Structures are given as C-alpha cells and as structure tokens.
Amino acid sequence: MSPSEELIKELGDFGIDANPLIKEVKRYLPTLNDEKLSKAFVFAAAAHRGQMRRENKPYISHPLETAMILAGLHADEDTLIAAILHDVPEDTEKTIEEIETRFGKRVSFLVEGVTKLSKVHYQNNMAQRQVDSLKKLFIHTAQDPRIILIKLADRLHNMRTLNFIEAPEKRTRIASETLEIFVPIANLLGIEEIRSELEDLCLKYLFPDEFKSLSERILNVRLKNQPILDDTIEKVKEELRKDGITAKVIGRQKNIFSIYKKIALQQRRLEEFDNFIALRVLVNDKDDCYKALGLIHSAFKPKTGKFKDYIAMPKVNGYQSLHTTVFGINGYTTEVQIRTNQMHIEAEYGIAAHYFYGTRKNVKSILEEDSRSDWANKIIEMQKEEDYDGNFVEDLKHDIFHDRIFVFTPTGESIDLPAGATCIDFAYEIHSDIGDRALKADVNGDILPMAHELQNGDIVRIIVSDFDKGPERAWLGFVKTNIARNRIREYFRRISQQDKIRTGKNLLQKEMDRAGLGLFKDLPAKKIKEFLNLNEKINSFDDILAGIGEGSIKPIDVLSHIYDQERVTLGAFNFLDRNILRKLPDNGTMVTIRVISKDAVGQLEKILKILSTFKINIIKTQAYMSFFSNHFICKLHVSMNTFNQVSELFENLEQIDGVKKVERLFWHRKAILALGIILTFSVWAMHPFVLAYIMEHLSSDDHPLISSAFLYMGVFMLFAMVFFLKSLTPLSFPELRETRTFWILTYLLNFFALLTMMAEVYFFSINFNWAIVTVLILMIFAYLTYEYVGYRRRS
C-alpha cells in the first residue's frame, strides 16, 4: 500500500473522505478535474498530518469542510483547490512556490491571498494584528474577490465548531469579530446563505440565553402557523395561475438574528411575530414580478408604507426583489418577496453567482462590472490617505460595512452612501471642488443645511459658492464617509500655520465656553505638558491649537485630558448647581441654552426636531421675539448627562439654517456674580457714611490713622473687586465676555469706585501717601488695560 493510500485509509477511520465533495461538485461542474482535486486533498492531508482540531478530528477536516461550503456556492475548480490548500503555507512546512509548481499560478495566488495576512510582523498587540491582517486581506481581495469567499467559508466552518473552544472569552471575541467584520462582508457580497448562518451562530455565542429562548419560541410559532402558511401559498398560486403567470411559491423562514435585531433595536414586541408568515414568489421575468405584485395586492389588503422596490433601485450588494407586506388569511401579517429565478440566484449567492453561474471566465471583467467589489477598492483608497490615523476597523464599520442608502442627483444618477450620511458626504462624493464650495443643499425641493441627514431615495442638488469659500470645520462632526472627512482635513492642512493656530484658539475657547471653563490662556500648564508627553508628534501648545485648527485634534479631547471628567462633563463650578438644583429624574444636570435665530417660519420646529433626534429630556422651553434686534430667541432648559452631548447638540443647532448664535447660560453662577456686584456697589455706597461716622466719634488724634487705613482698605477692595469680577465673568457670562459692553461696564465700575474715593478725600480731608495710592490705582488700571489688549488681539 502506497503512502497516499495509507493516508486515505487513516483519514477514513475518522470518517474523512473527499469523495462526497467531488460528487457534489460534479453535479454542477461536469468538467471538474477530479484527479487534480484529489491530489490537492492528499497533498494538504499529508502536509497537515499529525495536526488535530479541537473537535478531535484530523486538521484536514477543516479545509475539506471549507471547500464543501464553497461547493454550495457552485465554486469553480481553482477556488475549491485553494480552499483545501488555504492553511498549508501558514501551518506546515510546504511553501507557496511548491503549491504553484503542483497546482498552477491561479491557485497559488488565491492561497497566498488567504494566508499572506498571517505573515504580517505584529508590532503591538492582538488588536494591531487583526487590523494588519484585515488590511492585507482586503487589498488582496480587491484583485480577486474569490479570496474573500474562501475566507468567509473558512470563518463559517470555524463558527460551526466554536463550541469546542473551552475559553468563553475567546468564543466571545471570535463571535464579536465575526459579527462586526465578516457578517457585513457577506452582506456586501450579497451572499444571503452564509450571512444568515453566521448571524445566527454569532447570536448563539454572544447572547446564548436570548438565542435559546428565541429558537424555541420561533420553532413553536412555525409549527402553529404552518396550516396558515400552506393555505396562503395555495391562495397565491391560484391567483397567479388564473392570470397565466408561472411561479414557484415557497414559505420563507426569517433567521433568528433578524428577529432578535428587530426586537432589540426597533423595540418591537416578540408577540408581533406570533401571527407572522413569510413567502417568496419566484417568476420567469421582471414584468411578471410587477404583475404578481398587483395580483397579490388585489387578493390581500397591503400594509401602508411596507412596499419596497429593490428591482428599480437595487441594494448596494446587487440584491433585487419586490417587498410587500399584506394582511393575509385570518389577518396574519404576511411578508412577500417577489423576484425572478435569476434574481433569486443572485440574492442567495451574491457575487459568487456572478463568478460561478455565468459563462465568462475573465475575473478582471467581472471585477470591473460588478459593483459588489467597489467596497474593496474604497478600502484601498482609505489606505492611500497620508494622514490615516490607524482607526481602520472603526472606519470600516462606518464607511464600508454600515447599512447603505441610495440618493440621486437631479439627472437621476444614483449615489451610494452609508446610512446616516449627510449632504456634505454627498457633495464630496460628487467632487471635492463641489464639497469645498458648498453652501446649502436642495433636498427634494427644500433648501437645507449641509449637515442635513439624507434618506434613501432623496434627490439632492448642492448649491455652491461662486468662489472657493472652503468647507466649515464644524462639518467634521457630521461627515460619515472617509472621503469627505479626508478632503476637509486636506483643505485645512493647506492653510498657513498661523491661521490654523488662530482658528484653533477660537475653537478651543468656544468649547470651553460651552463647559464654562473660562479662558484658554488660563489652562493649567502642568496638564498641557502631560498632554504633550502623551503625543510624540506634538511638541508645543501651538501644535495643539494648529491640530484643532486643521481638524486632526478635537477640542473636547484636549479638555477631557486637562480637566477631570466631572468638570468637563457638567461644566466648571458645577458643585454650585448640584447644591442649588434638585437632581433630575434621569440623573442628568440641567443645561440652559439660548438659540438666537432669524425670524422664519418653522424655526422652533427645527430646533425641537434636533432635540428629539438626540432624545434629550426637555424641562422647559421659552420662545419670543427680541424687541431690540428683531431676532427669534429660544431658551431651552434641558437635561444632559455628559459634556459630549452638550457639544454635539451645539454643533447640530448651529447648523440650522438661519441660526445666528447658540450659547450656554449659567444662571446660578450669574446669580453669584450679580450678588458680588451688588455687594461691591453697596460697600462703596456705604463707604462715605461709615467713614463720616468713624471720624465723628473718634478723637482728632486718631482721625489720620483710621481714615488712612480705611482708604488703603478701600483701594485693596477695589483691586479685589476688579480681579474677582474679571475672573468670574468668563465663567458666568461667556456670551458677554468678549464684547465692548463688558469692557465699558468694567471701566465704568472702576471709575465709579475711584471717584467715590476722591470725593471722600476731598470732603473728609483725609491725609495719605499720594505716591502709594497712585501706584495702586495705576496697577489696577494697568491690569485692566493689559486684559483689554489681550481681548483686542483675540478678536
């Protein structure tokens, strides 16, 4: 007996045999070179000999099962052989070169695409390893998506055997990674069969209790609803047959994860699914799809708002079908999908259908024509960005794997964007020049701000400036696509360093005003130094400000490090609020915001819509017209839990068309400041009377000493008042601080105190050292003037 025969016999004892795979493949691929496939199996089995899986089977069982999954997608010969060999270079002494010699260049390229990602030199930790691996995988996939098909099949079999991994934390990590990365990939490629099974397996290990209870409930409901399902199928068949439409009508089972998601995320009750059935109608051509839809709507009453035409507007993964929901037999909610047989193949097998069901063999032409490979090219574009910050997985989730929407240009061209994308993303998707010059957007005939969130099917026209005005930095808080974010940052990188620093100061100060943290010049130097030490690329505070100015550093991140979380979360001096305010029901803190806007119809509605979007608890709302400025003013008393919420709310309110200014009001601190001002005025108003009383009741020998001491004490009080008011005002009146009104009032208050002192000197003939008093008074006004010059420079 030859070594190969011995190996086959040895594997046979474990129940491992390649013949079922060959038999399955020959059903759809009669031209299969079964000898070559058998050689690949023997070669891989010999290479993996001695290696065992956790389920106590020889390792070759895993690549064989991977190939069997791909056979279910009708994979071609090269893909199947590559699947069998995909772990050989990584886990054995055999090389890619040896695989190429034995099985050809195309097979070796596919194998290298799957295994090369494991050859990365890992610098830091497992997280970095995963990121680098994914980058390699996607870049290779952009050249041939069959690589990702092998990887998906590989992951599916590993998920099927995940129960053999003993460590629960490792099972959770693998299931989380699968749900966040590989399930969206299967969805993008349109492979329903693999996606739905992966989702259910992830749910099983991430939420075992929910999975178990849902599985049992769904099984019982299916058994209960089976008679209704059978009657509905017969009814639909009969209606279609009457009209001469040839159709296959089958019951469709929703996967457990999709039901769990609707219950968990859409807050739907499980009872809603108890009287729920689903059908799939397969017809010969597109015209029959629409005819069948009309007949079903005639037989059953359609549910309002539940019709979707994915034939006219396919999903980004190529999915095409008509969806409708009707009130069926006995009032059962019946969901119906109507598609052609070819659409069904595309829906089940996705891009695999394009590869393996078509007649063309040119991979390059398939890549160029199939939009389902676009995402891989977008990932390569992400990697080309010079300032890419390494947040690769998060960007994948939001920019590539997120649910997608289609919006249209006025000429009918469809633009594919992630759900939640704004007019900003749309503008930069058209062209960077359109984005840089964008002013507003015409969405379905309504003029809206650029931060407006787009919905599926919107028709959008960007209104641009006649000159290069440049994007707004606030847009960075609203963009969802990587291309828009990078184009905006690129624009701001081109401006001068001095402009960046100036802008950074303004943005940082703006954020500090929202938190009530005073002036940026008062930031603690020690904390700034700590922040600089954490960032090797930042050498000075100017670099921080420049980073804020160009959009690479967020002001809130700087404040979160410099101040403890309590101060940044709720605002400085919030212990006063805690003592004065009762705690709100949602454990939040009351924040008062004033929105100043032009007077226009629907302004209040727009403001309240923003609050509703953020699900913010509104305590009190006041809206009125300003008598002096003819502006619409809205005061909002809302409950907030974190300063990030405050900052994000401000950014969104400022984007409303017509809004001039959004400012935070600190009522309790204002009350304390007002009390201090009243007390100061009272002291100076009483000062002459107190001095007159003292001089009347004291002996003449004591007059000079007491009156001089009283005068010096008055000068000291004047300085203390100036310092106190100047320090507290930025915290209490950020909206007033940088205005001429504030400085005029400050100087007038000091002149009032000075005149009072001079009057006392004249009327009471007080003796004092003119030199000392003059120096003290000059110091007070020098301090004020110094602060005023700083204000002028900042403005």
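Model, not experiment: these values are computed from the prediction. (Residues numbered from 1 in each chain as written. Predicted model: local features only at pLDDT ≥ 70, side-chain atom pairs only at ≥ 80, totals over all residues. Heavy atoms only, no water.)

(A) Local environment of the overall build of the chain. When you go through the chain residue by residue, the secondary structure sums to 36 helices and 15 strands. Here the chain holds 795 residues, and the buried ones make up 50% of them. Long-range pairs, those at least 24 residues apart, make up 69% of the contacts in the chain with a sequence separation of at least 6. As presented, the chain carries roughly 39800 Å² of accessible surface, and 54% of it is formed by carbon and sulfur atoms. (Helix = DSSP H or I, 4+ residues; strand = E, 2+ residues; numbered from the N terminus. Buried < 20%, exposed > 50% of the residue type's maximum accessible area, 1.4 Å probe, protein only. Contact = heavy atoms within 4.5 Å. Areas by Shrake-Rupley, 256 points an atom, 1.4 Å probe, with all protein chains shown as cover.)

(B) Representation of the packing of aromatic side chains within the structure. Under the counting rule described, the total for this entry stands at five aromatic pairs. Note on phenylalanine 43 and phenylalanine 103: the rings are 5.7 Å apart at their centroids and 65 degrees apart in plane angle, and the pair reads as edge-to-face. Taken together, the residues span a long stretch of sequence, with phenylalanine 43 in helix H3 (residues 34-47) and phenylalanine 103 in helix H7 (residues 96-103) at a distance of 60 residues. Phenylalanine 103 shares its class with phenylalanine 43; the two are buried. Ring geometry for phenylalanine 257 versus tyrosine 260: centroids 6.4 Å apart, planes at 40 degrees, classification tilted. One end of the pair is phenylalanine 257 and the other is tyrosine 260, both in helix H14 (residues 256-265) and three residues apart, which spans about a single turn. Summarising the burial analysis for this pair, phenylalanine 257 and tyrosine 260 share the class buried. Grouped by ring-pair contacts, the aromatic residues Phe207, Phe257 and Tyr260 constitute a single cluster. (Phe/Tyr/Trp six-rings, centres within 6.5 Å; stacked < 30°, edge-to-face > 60°.)

(C) The sheet that holds strand S12 (residues 589-597), seen in detail. The strand order across the open sheet formed by four strands is S13-S14-S12-S15, and the pairing between neighbours is antiparallel. The outermost strands of the open sheet, each flanked by one partner alone, are strand S13 (617-625) and strand S15 (659-665). Here the average twist between neighbouring strands, direction ignored, is 20 degrees. One ladder, built from eight bridges, connects S13 with strand S14 (residues 632-640); its direction is antiparallel. What sits directly across from threonine 621, in S14, is leucine 636. Sitting on the sheet, helix H30 (residues 603-613) touches S12, S13, S14 and S15, and the angle it makes with S14 is about 15 degrees. (Pairing = 2+ DSSP bridges. Axes fitted to C-alpha atoms, helices over the stretch in contact; angles between N-to-C directions.)

(D) Spotlight on unusual backbone geometry. Even without glycine at this site, asparagine 56 takes up a positive phi of about 65 degrees. With respect to the secondary-structure elements, asparagine 56 resides in the loop between H3 and helix H4 (61-71). With relative accessibility at 56%, the residue asparagine 56 sits in the exposed group. You will see that histidine 74, though not glycine, has its phi angle at about 65 degrees, which is positive. With respect to the helices and strands, histidine 74 occurs in the loop between H4 and helix H5 (77-85). Classification of histidine 74 by relative accessible area gives partly exposed; the value is 23%.

(E) Geometry of the side chain of aspartate 87. You can see aspartate 87 is positioned in the loop between H5 and helix H6 (88-91). In this structure aspartate 87 is buried but unpaired, with arginine 53 as the nearest side chain of opposite charge at 6.2 Å. Among the polar contacts listed, one links the side chain of aspartate 87 to the side chain of tyrosine 59, at a separation of 2.6 Å. In terms of polar contacts, aspartate 87 uses its side chain to reach the side chain of histidine 86, at 3.2 Å. Setting aside residues up to four positions removed in sequence, aspartate 87 forms contacts with His48, Tyr59, His62 and Thr92. (Lys, Arg positive; Asp, Glu negative; His and termini not counted. Salt bridge = Lys/Arg side-chain N within 4 Å of Asp/Glu carboxyl O. Polar contact = N/O pair within 3.5 Å; in protein donor to acceptor, adjacent residues only side chain to side chain.)

(F) Structural detail: a positive patch on the surface. A grouping of Lys303, Lys306, Lys308 and Lys315 is seen on the molecular surface, where their side chains present a positively charged patch. Mapped onto the elements of the fold, lysine 303 is located in the loop between strand S3 (301-302) and strand S4 (308-309). (Patch = residues over 30% accessible without salt bridge, like charges linked within 9 Å, V, L, I, M, F, W, Y side chains within 5 Å. Charge placed at Lys NZ, Arg CZ, Asp CG, Glu CD.)

(G) Layout of the nonpolar core. In terms of nonpolar packing, the biggest core is built from 64 residues, with Leu70, Leu80, Leu85 and Met159 touching the most fellow members. Aside from chain neighbours lying at most four places away, what touches methionine 159 is Ile174, Ala175, Thr178, Leu198, Leu201, Cys202 and Tyr205. Among the nonpolar cores identified, the runner-up in size contains 42 residues, and Ile501, Ala515, Leu559 and Ile616 belong to it. (Core = buried A, V, L, I, M, F, W, Y, C linked by side-chain atoms within 4.5 Å.)

(H) Geometry of the packing of H3 against H5. The geometry of H3 relative to H5 is characterised by a closest axis approach of 9 Å and an angle of 10 degrees between their N-to-C directions. Between H3 and H5, the interaxial angle falls into the category roughly parallel. Residues Lys36, Leu37, Ala40, Phe41, Phe43 and Ala44 of H3 pack against Glu77, Asp78, Leu80, Ile81, Ile84 and Leu85 of H5. Residue classes in the contact of H3 with H5 are distributed as nine nonpolar, no polar and three charged. (Parallel < 35°, antiparallel > 145°, perpendicular 65-115°, else oblique. Nonpolar A, V, L, I, M, F, W, Y, C, P; charged D, E, K, R; others polar.)

(I) Fine view of a nonpolar patch on the surface. Judged by side-chain polarity, Leu604, Leu608 and Ile618 come together as a nonpolar surface patch covering roughly 190 Å² of accessible area. Considering the arrangement of structural elements, one finds leucine 604 in helix H30.

(J) Structural detail: the pattern of salt bridges. As enumerated under the stated definition, the model contains 30 salt bridges in all. One salt bridge in this structure joins glutamate 511 and arginine 514, with 3.2 Å as the shortest N-O distance. Taken together, the positions of glutamate 511 and arginine 514, both in helix H24 (residues 497-515) and three residues apart, correspond to about one turn of that helix. A residue is classified by how much of its surface remains accessible, and arginine 514, at 3% relative accessible area, is buried. Several salt bridges converge on common partners, so that one network encompasses Lys510, Glu511, Arg514, Glu651 and Glu654.

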